[in-house]
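Overview (structure and organization)
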Amino acid sequence: MDLCHVPATREKGWYLALMAPNIKGPNYAWLDPSRLYCHPQGLQDCVADLLQPFQGDPIDMVAGIDAMGFILGAAAAAVLQKGFLAIRKAGHLCVQTLAQPYTDYSGREKVMEVRTDAISPGLRILLVDQWVETGGTMRAAIELVERLGGVVAGVAAICIEDSAGGRWIRGRYKCSHCVPPRLQPRFDHHQFGWD
Ligand SMILES: O=P(O)(O)OC[C@H]1O[C@H](OP(=O)(O)OP(=O)(O)O)[C@H](O)[C@@H]1O
Ligand SMILES: Nc1ncnc2[nH]cnc12
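So, a few notes on the structure that sits alongside this text. Treat the numbers as computed from the prediction; the structure is a model and nothing was measured.

Let us look at the sheet that holds strand β7 (residues 124–132). One open sheet holds the seven strands; their spatial order is β5-β6-β4-β3-β7-β8-β9, and the pairing between them is mixed. The sheet is open, and its two edges are formed by β5 (97–103) and β9 (175–176), each paired on a single side. Bridging between strand β4 (residues 83–89) and strand β6 (residues 109–115) involves two bridges; their strand directions are antiparallel. Bridged to Lys89 within β6 is Met112. Lying over the sheet, helix α1 (residues 40–51) contacts β7, β8 (151–160) and β9, oriented at roughly 135 degrees with respect to β8.

For the coordinates displayed, the defined rule picks out six salt bridges. Residues Asp117 and Arg115 are paired through a salt bridge, measuring 2.6 Å at the closest nitrogen-oxygen approach. With relative accessibility at 55%, the residue Asp117 sits in the exposed group. For Arg167, the salt bridge identified is with Asp162, shortest N-O distance 3.1 Å. You can call Asp162 partly exposed: its relative accessible area is 44%.

Attention shifts here to the layout of surface pockets. Its volume calculated, the largest pocket comes out at about 760 Å³. In terms of lining residues, the largest pocket is bounded by 33 residues, among which Ala29, Met68, Lys89, Tyr105 and Gln130 are the most central. Taken together, the elements giving at least two residues each to the lining of the largest pocket come down to β1 (20–21), β2 (31–32), β7 and α3 (136–147). When residues in the lining of the largest pocket are grouped by element, the largest group, four residues, is from β7. Split into classes, the residues belonging to the lining of the largest pocket amount to 16 nonpolar, eight polar and nine charged.

The rules behind these values
In this convention, every chain numbers its residues from 1, walking through the sequence in written order. By the order in which they are written, chains take letters starting at A while ligands take numbers starting at 1. Residues qualify for local features only when their pLDDT is at least 70, as the model is predicted, and side-chain atom pairs are given and counted only at 80 or more; totals for whole chains, interfaces and linings, by contrast, use all residues. No hydrogens and no water enter the side-chain calculation; it runs on all heavy atoms of the structure. DSSP calls a pair of strands paired once it identifies at least 2 bridges connecting them. Counting from the N terminus, the helices are the DSSP runs of H or I reaching at least four residues and the strands are the DSSP runs of E reaching at least two. Two residues qualify as a contact provided that any one of their heavy atoms is within 4.5 Å of a heavy atom in the partner residue. Each axis is a line fitted through C-alpha atoms, taken for helices only over the stretch in contact, and angles between the N-to-C directions span 0 to 180 degrees. Salt bridge criterion: a side-chain nitrogen from Lys or Arg within 4 Å of a carboxyl oxygen from Asp or Glu. Three labels apply to residues, based on accessible area from a 1.4 Å probe with only protein chains included: buried if under 20% of the type maximum, exposed if over 50%, partly exposed otherwise in between. Lining residues are those with an atom within 4 Å of a point, where the points come from a 1 Å grid over the protein atoms alone and group into cavities, where a 1.4 Å probe fits but cannot get out, or pockets, open sets with protein on both sides within 12 Å along at least five of seven lines. Grid points are joined across faces, edges and corners, and a volume is the space filled by probe spheres set on the points. Each residue is assigned to one of three groups, with Ala, Val, Leu, Ile, Met, Phe, Trp, Tyr, Cys and Pro labelled nonpolar, Asp, Glu, Lys and Arg labelled charged, and all others, Gly among them, labelled polar.

This is the structure:
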């Protein structure tokens, strides 16, 4: 695959074709989007599409979710010229943290942590992750921000699936994603290959 080829017309989500299917079975997410980060124009357009709905919105800080949410989150923070807060899977931060248990698409119970000294009450935070499948991970991050008095200014991910958790998030927060309407049902049904 040519990771430099740029199509003549770049409609929203053109770079989604760079994603790759799971070939390793049920212990993994059904899809791996990360090859699109290898494409310079793909990465740039992905971040621009995620930020477009928030143009003009007051955002004080961007938070990205461990691990792949760090990539788009940090890129978005750089574009917005804001700071970046890492929301981490438990057991990595050697400072005072707040913890939130959750369950994700794997069905396993996990714990997310955030440092307690970065979010002051009323701080408006844009939460970024690579993907929302069941919504368990993003909901845990939302809980952490709100328990610290922060305000979730928005939720951004390449895709927010039409799951119960995805709908819960979409119903309560301003959201952005990269999926054109014709492709959303394919992603909701975990179908790869949408040309
Ligand atoms: O909506 P959910 O069902 O909660 O799933 C979404 C989460 O799962 C993936 O991360 P994962 O923890 O697999 O790993 P990584 O980011 O460390 O690769 C994805 O990037 C989200 O963070
Ligand atoms: N990165 C990802 N891609 C597709 N589905 C997912 N579910 C959780 N993470 C995912």
